[in-house]
Amino acid sequence: MSSLSLPFFSATSTRDPFSFSLKCSSSSSSFPSFFLPFQGLQLFRSTSETTKNRSFFCVFRSLKAKAMADLVQDKESAVASAVAATGTCGGGRSEVEHSRTFLEARSEQELLSGIRKEVEAGRLPPNVAAGMEELYQNYRNAVFQSGDPAAVGIVLSNMAVAFDRMLLDVEDPFVFEPYHKALREPFDYYMFGQNYVRPLIDFRTSYVGNFPLFYEIEEKLKQGDNVVLISNHQSEADPGIIALLLEKTNPHIAENLIYVAGDRVITDPICKPFSMGRNLICVYSKKHMYDVPELAEMKRKANTRSLKEMALLLRGGSKLVWIAPSGGRDRPDPLTEECYPAPFDSSAVDNMRRLVEYSGAPGHIYPLSLLCYDIMPPPPQVEKEIGERRVMTFHGAGLSVAPKISFQEIAATSENSEEAKDAYTQALYKSVTEQYDVLKSAIHGKQGLEASSPGVSLSQPWN
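Here we summarise the structure given alongside this text. (Residues numbered from 1 in each chain as written. Predicted model: local features only at pLDDT ≥ 70, side-chain atom pairs only at ≥ 80, totals over all residues. Heavy atoms only, no water.)

**Comments concerning the overall build of the protein chain**
Then, in step 1: From N to C terminus, the protein chain includes 14 helices and 9 strands.
Then, in step 2: Accessible surface, the protein chain as shown: approximately 18600 Å² in total, 52% of it carbon and sulfur. (Helix = DSSP H or I, 4+ residues; strand = E, 2+ residues; numbered from the N terminus. Areas by Shrake-Rupley, 256 points an atom, 1.4 Å probe, with all protein chains shown as cover.)

Next up, the structure:
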């Protein structure tokens, strides 16, 4: 099955200090909510309308760090009240009292010194602390590449909340069920992830292919049908990028898509807060099945439970599932250094197809292509250890979907079931790579909308 990897980080890491602090005018108290860690009982309201204006506003100069801390205090008070009333946090997640070190940081220096403070207090393991500091440096550099005049505030605000959620999970680890439903309240982990990834995408050089097909998919879901997106997998930021490219035109897809996710994104303390904001079917990837041989049987049993959970979900109909049958992220060819969709595992494709067919609800399988490798590339090789080095860059991204492909039509021209299984997998892979080539011409080849082909019509639906 797929090994989706999720948080959100990519390009060059610079460890040298780059100090700055927030200096704000007291003349204005008005600023967009998406620059703040919290607002009322919602964490970041939807900001699709502000996306196109993001790079041209310099509103953060009016933000006082004290005001941000006050808003955080109000948010935590509301959370405490909600938890006291319900006893849980968004589907069983209990909020516990924990350090406010990161939420009260008013500058880069205070935020980074807060990491050392938590290590000294014994609340943060040194290896996690090192990953957090590197993450900060890379995220800051990537956001600053955008040229957004509000970058200082965006980085401080987003990283303060990210560090706070990471620390909370270290103190009170969240355990994922085989089927994890995104935690939206009292803390909205979905919008937290959206607003973290948003500044990494250059929407001016990003494109969606065949976006009317996403309306077709929504209609099928409304009718009670199941839809599966067979996709390549490029980065830990894939879920956020998919949702951000669709949030204005297809918010139902953006928020309700279920991702088949590998175990690493639900165990890595840097990843977990971002994973908590997505709908996940949690599995162990074939690539890591035998990393620890004595755990292989346990992993197989866990995968069986997850498949049963998915079967139950599909029986209810109206489910949208994303899976990368390559079993991991795309990586560059060592000779050409070109990144290209990794080949699909025909067994993974066939397992998913059969789950859809036997669900009892009508089902459809669409090939989906993603191009976002540069935003957050994976390590050059598959790593066994948890805690990979994360780099990021500000870059354009691409998403495209092609018409659904029928297994029955392909099977009718095949001599046996094995041949049909392989032919179907290749048909899906061929569509994904063809779409990928168009996205690559548009983004890397700088052809923009002119890169459209007879099979892939590009657009920028957020404009």
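So, next bit.
**Here we look at the pairing of strand β7 (residues 363–371)**
Then, in step 1: Judged by how many residues are buried, β7 sits mostly within the fold: 8 of 9 residues are covered.
Then, in step 2: When strand β3 (residues 226–231) meets β7, the two strands line up parallel, connected through 6 bridges. Note that in β7 the partner of L229 across the bridge is Y366. (Buried < 20%, exposed > 50% of the residue type's maximum accessible area, 1.4 Å probe, protein only. Pairing = 2+ DSSP bridges.)

**A few points about the packing of helix α3 (residues 108–120) against helix α4 (residues 126–145)**
Then, in step 1: With their axes 9 Å apart at the nearest point, α3 and α4 run at an angle of 170° to one another. In terms of orientation, α3 and α4 fall into the roughly antiparallel class. In terms of crossing hand, the pair formed by α3 and α4 is right-handed. Across the interface between the two elements, E108, L111, L112, I115 and V119 of α3 pack against P126, A129, M132, E133, Y136, Q137 and R140 of α4.
Then, in step 2: Across the contact of α3 with α4, the residue classes break down as 8 nonpolar, 1 polar and 3 charged. (Axes fitted to C-alpha atoms, helices over the stretch in contact; angles between N-to-C directions. Parallel < 35°, antiparallel > 145°, perpendicular 65-115°, else oblique. Left-handed = near helix turned anticlockwise from the far one by under 90°. Contact = heavy atoms within 4.5 Å. Nonpolar A, V, L, I, M, F, W, Y, C, P; charged D, E, K, R; others polar.)

**Thoughts on helix α12 (residues 346–357)**
Then, in step 1: In a regular helix each residue adds 1.5 Å, so 12 residues correspond to 16 Å; α12 covers 16 Å between its end C-alpha atoms and thus fits that length.
Then, in step 2: Residues of α12 that are buried in the fold lie against β3, α11 (296–315), β6 (320–323), β7, α13 (407–411) and α14 (417–443). (Expected span 1.5 Å × (residues − 1).)

**Some thoughts on the pattern of salt bridges**
One side chain can pair with another of opposite charge once the charged atoms of both are near each other.
Then, in step 1: Within the structure shown, the criterion is met by 17 salt bridges.
Then, in step 2: Between E104 and R100 there is a salt bridge, with its nearest N and O atoms 2.9 Å apart.
Then, in step 3: Taking relative accessible area as the criterion, E104 reaches 40% and is therefore assigned partly exposed.
Then, in step 4: The residue K421 makes a salt bridge to E418 at a minimum N-O spacing of 3.4 Å. You can see K421 and its partner E418 sitting in helix α14, 3 residues apart, about one turn around the helix.
Then, in step 5: Taking the relative accessible area as the measure of exposure, E418 reaches 47% and is therefore partly exposed. (Salt bridge = Lys/Arg side-chain N within 4 Å of Asp/Glu carboxyl O.)

**Details of the sheet that holds β7**
The strands that make up a sheet are held in pairs by hydrogen bonds between backbone atoms, and each pair lies either parallel or antiparallel.
Then, in step 1: In space, the 9 strands of this open sheet follow the order β1-β5-β4-β6-β3-β7-β8-β2-β9, with mixed pairing throughout. Among the strands making up the open sheet, the edge pair consists of β1 (179–180) and β9 (458–459).
Then, in step 2: Where β7 meets strand β8 (residues 398–401), 4 bridges bridge the pair, whose relative direction is antiparallel. The residue bridging L371 from the neighbouring strand is G398, located in β8.
Then, in step 3: Sheet contacts for α12: β3, β6 and β7; angle to β7, the most-contacted strand, approximately 140°.
Then, in step 4: In the packing of α14 onto the sheet, the strands contacted are β2 (207–209), β3, β7, β8 and β9, and the crossing angle to β7 comes to about 35°.

**Concerning helix α6 (residues 189–197)**
Then, in step 1: Of all 9 residues in α6, 9 are buried, a share of seventy percent or more.
Then, in step 2: Restricting attention to buried positions, one finds in α6 the residues Y189, Y190, M191, F192, G193, Q194, N195, Y196 and V197.
Then, in step 3: A side-chain oxygen of the first residue of α6 lies 3.1 Å from the backbone nitrogen of Y190; this N-cap is D188. (Polar contact = N/O pair within 3.5 Å; in protein donor to acceptor, adjacent residues only side chain to side chain.)

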